[in-house]
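Structural characterization, general
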Amino acid sequence: MAIVVGYVATKEGRAALKRAAEECVLRGAKLVVISSHRGGKDFDANEASQFESELSRVQALLEDKGLEHEVRQLVRGNDPAEDLISVAEEEKADFIVIGLRRRSPVGKLILGSNAQRILLDASCPVLAVKGD
């Protein structure tokens, strides 16, 4: 069994990670944490360092909990939705956990919605949680 979680250092991302970890304990599953960024000219060394630091904290937290896990930082030009769906298929995940935030209709139109793409395009169930 495997559970894939999309992680971003926000209250929604932390809520998703917390719930995914709880599900892994209940099911005896492996947790695969995905932090995805498009990269490119807007992704500088400082931002990359912050991502690495945050993922190191996540790694330590999961080790302390004794969970079987893998943490992947993906910077390969894909949308986060593409990366999560791809990893879920690769891992034959039982489900994906994502955090949701409230967005205005205009915000959804202009920026698109990774959550919506994951909900509609994933081949496995998706558990969407709200931030604390």
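Right, let's walk through the structure included here. Keep in mind that what you see is a predicted model, and the values were worked out from it rather than measured. (Residues numbered from 1 in each chain as written. Predicted model: local features only at pLDDT ≥ 70, side-chain atom pairs only at ≥ 80, totals over all residues. Heavy atoms only, no water.)

1. Quick word on the pattern of salt bridges
When the charged atoms of two side chains with opposite charge come close together, those side chains can pair. Worth spelling out the cut-off: Here a salt bridge means any side-chain nitrogen of Lys or Arg lying within 4 Å of a carboxyl oxygen belonging to Asp or Glu. Only DSSP runs of H or I with at least four residues qualify as helices, and only runs of E with at least two residues qualify as strands; both kinds are numbered from the N terminus onward. Residue burial is assigned from relative accessible area. The probe radius is 1.4 Å, only protein chains are included, and a residue is buried under 20% of its type maximum, exposed over 50%, and partly exposed in between.
As enumerated under the stated definition, the model contains nine salt bridges in all. The salt bridge involving Glu 23 is made with Arg 27; its shortest N-O contact spans 2.8 Å. Taken together, the residues Glu 23 and Arg 27, both in helix H1 (residues 11-27) and four residues apart, mark about one turn of the helix. When its relative accessible area of 7% is taken as the criterion, Glu 23 is described as buried. The exposure class of Arg 27 is partly exposed, given its relative accessible area of 41%. Note that Lys 30 is salt-bridged to Glu 91, the shortest N-O span being 3.5 Å. One end of the pair, Lys 30, is in strand E2 (residues 30-37); the other, Glu 91, is in helix H3 (residues 80-91), and 61 residues separate them in sequence. When salt bridges that share partners are traced, they join Lys 30, Glu 70, Arg 72, Glu 90 and Glu 91 into one network.

2. Quick word on the side chain of Asp 79
To keep it simple, the criterion reads: Side-chain atoms alone can form a polar contact between residues adjacent in sequence; in general such a contact is a pair of N or O atoms within 3.5 Å, and within protein one must be able to donate a hydrogen while the other accepts it.
The residue Asp 79 is located in the loop between strand E3 (69-75) and H3 in this model. Relative accessible area serves as the criterion here: at 18%, Asp 79 is assigned to the buried category. Within the local environment of Asp 79, its side chain forms a polar contact with the side chain of Arg 117, the two groups lying 2.9 Å apart.

3. Let's talk about the nonpolar core
Convention followed: What we call a nonpolar core is a set of buried Ala, Val, Leu, Ile, Met, Phe, Trp, Tyr and Cys residues that are connected through their side-chain atoms within 4.5 Å.
In this structure, Ile 3, Val 5, Leu 17, Leu 31, Val 33 and Val 97 are the most contacted members of the largest nonpolar core, which totals 19 residues. Listed by contribution, the elements that provide at least two residues to this core are strand E1 (2-6), H1, E2, helix H2 (45-65) and strand E4 (95-100). Sort the elements by how many residues they give to this core and H1 lands first, with six residues. Counting residues in each nonpolar core, the second largest holds 16 residues, with Leu 74, Ala 81, Ala 93 and Ile 118 among its members.

4. Focus on the sheet that holds E2
One key point about sheets: their strands pair by backbone hydrogen bonds, in either a parallel or an antiparallel sense. Rules: Two strands are said to pair when DSSP picks up at least two bridges between them. Each axis is a line fitted through C-alpha atoms, taken for helices only over the stretch in contact, and angles between the N-to-C directions span 0 to 180 degrees. Only heavy atoms matter for contacts: two residues are in contact if any of them lie within 4.5 Å across the pair.
Spatial strand order, E3-E2-E1-E4-E5: five strands in an open sheet with parallel pairing. The strands lining the two open edges of the sheet, one partner per strand, are E3 and strand E5 (126-130). Within this sheet the neighbouring strands show an average axis-to-axis angle of 20°, counted without direction. Together, E1, E2, E3 and E4 form the strand contacts of H3, whose direction differs from that of E2 by roughly 155°.

Any functional reading would require information that these geometric values do not contain.
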